[in-house]
Amino acid sequence: MVIQPADPSRNRSIRVFVSSTFRDMQEERDYLVKVTFPQLRKLCESRGVMWGEVDLRWGITDEAQAEAQVLPVCLEEVDRCQPYFIGLLGERYGWVPDSIDEELVEHQPWLREHREQSVTELEMQHGVLRREALHGQAFFYFRDPGYLDRLPPGSNRTDFEGESPEAKQKLVSLKQRLRHAQVEGICRLREPYPEPATLGAWILADFTALINERFPEGSQPDPLDREALDHQAFAQSRAKVYIGRHEYFDRLDAHVAGEGPPLIVLGDSGSGKSALLANWFLQYQQAHPETTTLIHFIGATPFSADWAAMLRRLLGEFKRRFDIREEIPTDSNALRSTFANWLHRAAAKGRVVLILDALNQLEDRDGALDLVWLPPVIPANVRMILSTLPGRALDNLTKRGWPTLTVEPLHEAERKTLIGQYLAQYTKSLNPARTARIAAADQTANPLYLRILLDELRLHGAHETLEPTIAHYLKADTIPALYGKVLARWKRDYGGETDLVSNALSLLWAARKGLGETEWRSLLGTPDEPLPCQLWSPFFLAMEPHLAFHAGTHTFGHDFLRQAVRAEFLADREAEKIAHLRLARYFVEKKDVYPRKVTELFWQLRRAEAWDTLIEHLRHAQLVQETWESNRFDVTSTWTELESAMPGSLPRAYNFILRSLDGYVWMAGTFSGVADYLLVLAETFRFCGYPNETFKLCDAVLKYFGHVDVAVLWQAVKLQCSLFIERGSEGDLQTAWDLASKFRRMTGTSKNRRVQGAIMSVQETVLLQCNQSDAALKIVQEHKQLAREDEDRYGLAACLGNEAVALVQKGELAAALRIHKEEERLCREQDNLDGLQACLGNQATVLATEGLYQDALVLLAEQEQICSQIGKIMSLANCYSNQAFAHAKMGRRDLAKELLQQQEMLARRIGSEIQLRIAIEAQKALDGM
């Protein structure tokens, strides 16, 4: 039998269902889970394939617990694992249910003819024997009957023998059908295996061959096709039952047929925006196959919420549909400009319909939520439709003045129609009186509320108690309150005597970026023995419709559920800290440094307030460096929070390095990685207000790593210059000028033009501190030309900021504000928080100069928030000073004095003479008023 290679555009995953009897197969199951499956998982990972196994009997010690009421979950998991299946048979036939629930029989009519069969045979029937078209991916293994004579000492022979003559005959018949199925090519069969280790070797060989055939080494799936199929599937999932208004479809039709700017679809959370767009997209795509129609559901697939991945996907579609030969750039700046350019190129080829759903769910980085990637002008032939909830994305769209379409709550007649059609999917219905009662409730005007309610009712089995059940749920007048009742049912149905529901959902609430299923089960069990599937699967299957999946992790599908979980299971700060600490310990136990650990560990320890453990891991050089490279502010903000909780913890943590830098460098080895680490520490010390330690670390870099890349050396020099500038005395400013000028002369022939630009930025700042605006502007012009030629947007933002400050000094306030706005845009595009906070502070100064104190305070509030977030102490002190000035001018003397006292405290902490002098003199001036 030949297995065809997998269509690379489809999901690269193998999730295999393991079916076996209970008592006699415990040793086999343990061997597979602990020895065989880990090897297959590793092989899959090397091919870019996700591996998972579902054995609902592994890890369970009580047969009644393993088998009772398990059939619906078994059949559902078999479906989720298709087409992969492993069947193990010995001499036992397996547990035969006393009865099968009639509701399950109604849903699975084939069960009517199989009521006297064991759960094991039903799994094999459902997974393989009834699906003859699924050739080649079901594997069966029969154990040698002679194994009974070789049982280990202490074994109970009756646990391995047939249960009864009738059961033995049923087993013989089942094995014969499976042997016949092998001959027909329906499945593969090996027999007899003498003991568990041989079984493990056979399964390892069989699935290794399957992986090699379906996912050959070196095979690269086309991510473009795979992503497109995922979005198409998401659209189909939202199209199962939809009650929409003709006017919505008419408005969308008119928009794509006409001209003008993009259309923004608005509506409350849960109002059906995604369902509207999905249904309209599928209908329009079918009616207009000649039109390029692309839809992107943000949050629906692993990388869909990454703005850069979203643009690369769209550019990839343009490239292949419109025969564009250029390559898609990887650089963020080039990606934005290319997107704007290719929109025009695509528009020149014909009409393009582009739908981007849920902009508010974009990951908050690189200015994504501020829509810096979205060109301000869209070509007329590109008919763009966008949807979002209130927030930064909508704020930006509102400024653009683009037209909107608001999805309104459901009318009562629409609710009745939806109730009937939704329940009909599950062969359920409500009588007219109950339908009318539900439809009349105000809260069911929200489609999400109504869907959650109907999901609960369709699972309710007792007809005689349906009326009070409806009343019970309708007492919830909001979606979070309704979710609270869902949580209570989950606890009854899946918690039993355990805390599974509260534990699982508390951990998900505490996760920064969601949880992978393997992580989740390990957290609920142990790293070596995760929670058994038999306990996990029923609850996970119940949760899954309420979850979102992206970037390999599950998270709440709606913030309403997050709110309900917090209210139900995390009533106080201590409960929250416990949940964060459990996650932190999980990542602490993972010795390797990998992306999930980098994303979660420091953040979890901060939320848990586990300060001592946090300090210990902040000494881990590789972890700190990789976190810095991923998001430098994760490091600086972590230390800022630590310093607030435990003053002086930063120098104490790294005292072993500071005390003997020579010895540390010698021990670590003189290579550039050590220099990078020392610079990370130096920048952290500077952010947190420790200038002496910063100088010491920079001196060590310059002393020991003078032969490394000029950019590394410049980081040390720039840090020292920044410290001198922050001190602000005439001598300090002269020292900063001399250092920068000397380095510029040393590197005059360097090919690293960005270093040259950064040196100019320091020189500009020094001149501005000395009120030499004309001299600063001369360097700014040279710097600006260099930055534009090199597409150095960080450098360009810096020199624009200095240009604006120079214009302020010359009294040209309106021109300065215009330039600051361009600087702000660049900073938000680059997620340059340090540059952004400085820009906001400078704009506030201009506004205050013009007497616009309240407008200035709005900008200063955002600056304060950013400085606190990233741990920029010097800028925070200056921000307090500027806020105090504005409040004093508005007559709020007490508030102004309180802010100046905060400035004084920070100035003393970081040893800034200039900030201390400003704070003290301003307080004296207030006292004299």
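Calculation notes
- Residues numbered from 1 in each chain as written.
- Predicted model: local features only at pLDDT ≥ 70, side-chain atom pairs only at ≥ 80, totals over all residues.
- Heavy atoms only, no water.
- Helix = DSSP H or I, 4+ residues; strand = E, 2+ residues; numbered from the N terminus.
- Rg over C-alpha atoms; globule rule 2.2 N^0.38 Å.
- Buried < 20%, exposed > 50% of the residue type's maximum accessible area, 1.4 Å probe, protein only.
- Contact = heavy atoms within 4.5 Å.
- Areas by Shrake-Rupley, 256 points an atom, 1.4 Å probe, with all protein chains shown as cover.
- Lys, Arg positive; Asp, Glu negative; His and termini not counted.
- Charge placed at Lys NZ, Arg CZ, Asp CG, Glu CD.
- Salt bridge = Lys/Arg side-chain N within 4 Å of Asp/Glu carboxyl O.
- Pairing = 2+ DSSP bridges.
- Axes fitted to C-alpha atoms, helices over the stretch in contact; angles between N-to-C directions.
- Core = buried A, V, L, I, M, F, W, Y, C linked by side-chain atoms within 4.5 Å.
- Polar contact = N/O pair within 3.5 Å; in protein donor to acceptor, adjacent residues only side chain to side chain.
- Phe/Tyr/Trp six-rings, centres within 6.5 Å; stacked < 30°, edge-to-face > 60°.
- Lys NZ or Arg CZ within 6 Å of the ring centre and 35° of its normal.
- Left-handed = near helix turned anticlockwise from the far one by under 90°.
- Nonpolar A, V, L, I, M, F, W, Y, C, P; charged D, E, K, R; others polar.

A word on the overall build of the chain
Now for step 1: A tally of helices and strands in the chain yields 43 helices and twelve strands.
Now for step 2: For 929 residues, the compact-globule formula gives about 30 Å, and the C-alpha radius of gyration of the chain, at 33 Å, lands near that figure.
Now for step 3: With the C-alpha coordinates aligned to their principal axes, the bounding extent of the chain is approximately 100 × 70 × 60 Å.
Now for step 4: By the burial criterion, 54% of the 929 residues in the chain qualify as buried.
Now for step 5: Sequence separation of at least 24 residues holds for 70% of the intrachain contacts in the chain that already meet a minimum separation of 6.
Now for step 6: Total accessible area on the chain stands at roughly 40700 Å², and carbon and sulfur atoms take up 50% of it.
Now for step 7: Of the side-chain charges in the chain, 108 are positive and 127 negative, and the distance between the mean point of each set is 3 Å.

What to know about the pattern of salt bridges
Now for step 1: All chains considered together, the criterion is met by 54 salt bridges.
Now for step 2: Measuring nitrogen to oxygen at the nearest pair gives 3.9 Å for the salt bridge that ties Arg 727 to Asp 732.
Now for step 3: Using a relative accessible area of 29% as the deciding quantity, one classes Arg 727 as partly exposed.
Now for step 4: Ionic pairing is found between Asp 774 and Lys 810, a salt bridge with its closest N-O pair at 2.8 Å. Highlighted residues: Asp 774 in helix α36 (residues 773-789) and Lys 810 in the loop between α37 (793-809) and α38 (813-829), separated in sequence by 36 residues.
Now for step 5: Using a relative accessible area of 38% as the deciding quantity, one classes Lys 810 as partly exposed.

So, the sheet that holds strand β6 (residues 263-266)
Now for step 1: Spatially, the five strands line up as an open sheet ordered β7-β8-β9-β6-β10, and their pairing is parallel. Strand pairing shows two members of the sheet lacking a second neighbour, β7 (292-297) and β10 (404-406), which therefore form its edges. Along the sheet, successive strands turn relative to each other by an average axial angle of 15°, direction set aside.
Now for step 2: Here strand β8 (residues 352-357) pairs with strand β9 (residues 382-387) via five bridges, running parallel. Within the sheet, the bridge partner assigned to Leu 354 lies in β9 and is Met 384.
Now for step 3: Lying on the sheet, helix α9 (residues 246-257) is in contact with β6, β8, β9 and β10; it crosses β9 at an angle near 140°.

Topic: the environment of Leu 276
Now for step 1: Locating Leu 276 in the fold gives a position in helix α10 (residues 273-287).
Now for step 2: Sequence-distant contacts of Leu 276, defined by excluding residues within four places in its chain, comprise Tyr 242, Tyr 248, Phe 249, Leu 252, Val 265, Leu 405 and Val 407.

Describing the nonpolar core
Now for step 1: Counting 104 residues, the largest nonpolar core has Leu 505, Trp 520, Trp 639, Tyr 654 and Leu 678 as the members making the most contacts within it.
Now for step 2: Per-element tally for this core: the top contributor is helix α31 (residues 672-687), with nine residues.
Now for step 3: Setting aside residues up to four positions removed in sequence, Trp 639 forms contacts with Ile 615, Leu 618, Ser 649, Leu 650, Ala 653, Tyr 654, Thr 684 and Cys 688.
Now for step 4: Within the second largest apolar cluster, 39 residues are counted, among which are Ala 308, Val 382, Leu 386 and Ala 393.

Focus: the side chain of Lys 577
Now for step 1: Residue placement: Lys 577 occurs in helix α23 (residues 573-589).
Now for step 2: By relative accessible area, Lys 577 is classed as buried at 17%.

A word on the environment of His 296
Now for step 1: For His 296, the position within the fold is in strand β7.
Now for step 2: C-alpha of His 296 to C-alpha of Thr 120: the two residues are 176 residues apart in sequence and 42 Å apart in space.
Now for step 3: Once residues lying within four places of it in the same chain are set aside, the contact partners of His 296 are Glu 227, His 231, Ser 304, Met 310, Arg 313, Ile 355, Leu 356 and Asp 357.
Now for step 4: At 3.2 Å, the side chain of His 296 and the side chain of Arg 313 are in polar contact.

Re the packing of aromatic side chains
Now for step 1: Going through the model one piece at a time under the given rule, you end up with 22 aromatic pairs.
Now for step 2: Note on Phe 139 and Phe 207: the rings are 4.7 Å apart at their centroids and 45° apart in plane angle, and the pair reads as tilted. Of the two residues, Phe 139 is situated in strand β4 (residues 138-143) and Phe 207 in helix α7 (residues 196-214); the sequence distance between them amounts to 68 residues. With respect to burial, Phe 139 and Phe 207 carry one shared label: buried.
Now for step 3: Taken together, a centroid distance of 6.3 Å and an interplanar angle of 80° make the contact between Phe 656 and Tyr 664 edge-to-face.
Now for step 4: Grouped by ring-pair contacts, the aromatic residues Phe 37, Trp 51, Phe 139 and Phe 207 constitute a single cluster.
Now for step 5: Over the ring of Phe 142 we find Lys 175; its NZ or CZ atom is 5.3 Å from the centre of that ring.

Thoughts on the pairing of strand β3 (residues 85-89)
Now for step 1: Counting buried residues along β3, five of its five residues qualify, which places the element largely inside the surrounding structure.
Now for step 2: Residue alternation in β3 divides its side chains into two sets, Phe 85, Gly 87 and Leu 89 and Ile 86 and Leu 88, and both sets are buried.
Now for step 3: Direction of pairing for strand β1 (residues 13-20) relative to β3: parallel, over a ladder of four bridges. Bridge pairing in β3 places Val 18 opposite Ile 86.
Now for step 4: By the bridge criterion, five bridges tie β3 to β4 in an arrangement that is parallel. Bridging across to β4, Ile 86 finds its partner in Phe 139.

Brief notes about the packing of α23 against helix α24 (residues 595-608)
Now for step 1: Packing of α23 against α24 leaves a shortest axis separation of 8 Å and a crossing angle of 145°. The two elements α23 and α24 meet at a crossing, and its hand is left-handed. Contacts from Arg 573, Lys 577, His 580, Leu 581, Leu 583, Ala 584, Phe 587 and Val 588 in α23 reach Arg 596, Lys 597, Glu 600, Leu 601, Trp 603, Gln 604, Leu 605, Arg 607 and Ala 608 in α24.
Now for step 2: Broken down by class, the residue content of the contact of α23 with α24 amounts to nine nonpolar, two polar and six charged.

Considerations on the pairing of β6
Now for step 1: Burial along β6 is two-sided: Leu 263 and Val 265 facing one way and Ile 264 and Leu 266 facing the other are all buried.
Now for step 2: For β6 and β9, the ladder comprises three bridges, and the chain directions are parallel. When the sheet's bridge partners are listed, Ile 264 is paired in β9 with Leu 386.
Now for step 3: Bridge count between β6 and β10: three bridges; the pairing is parallel. The residue of β10 that forms the bridge with Ile 264 is Thr 404.

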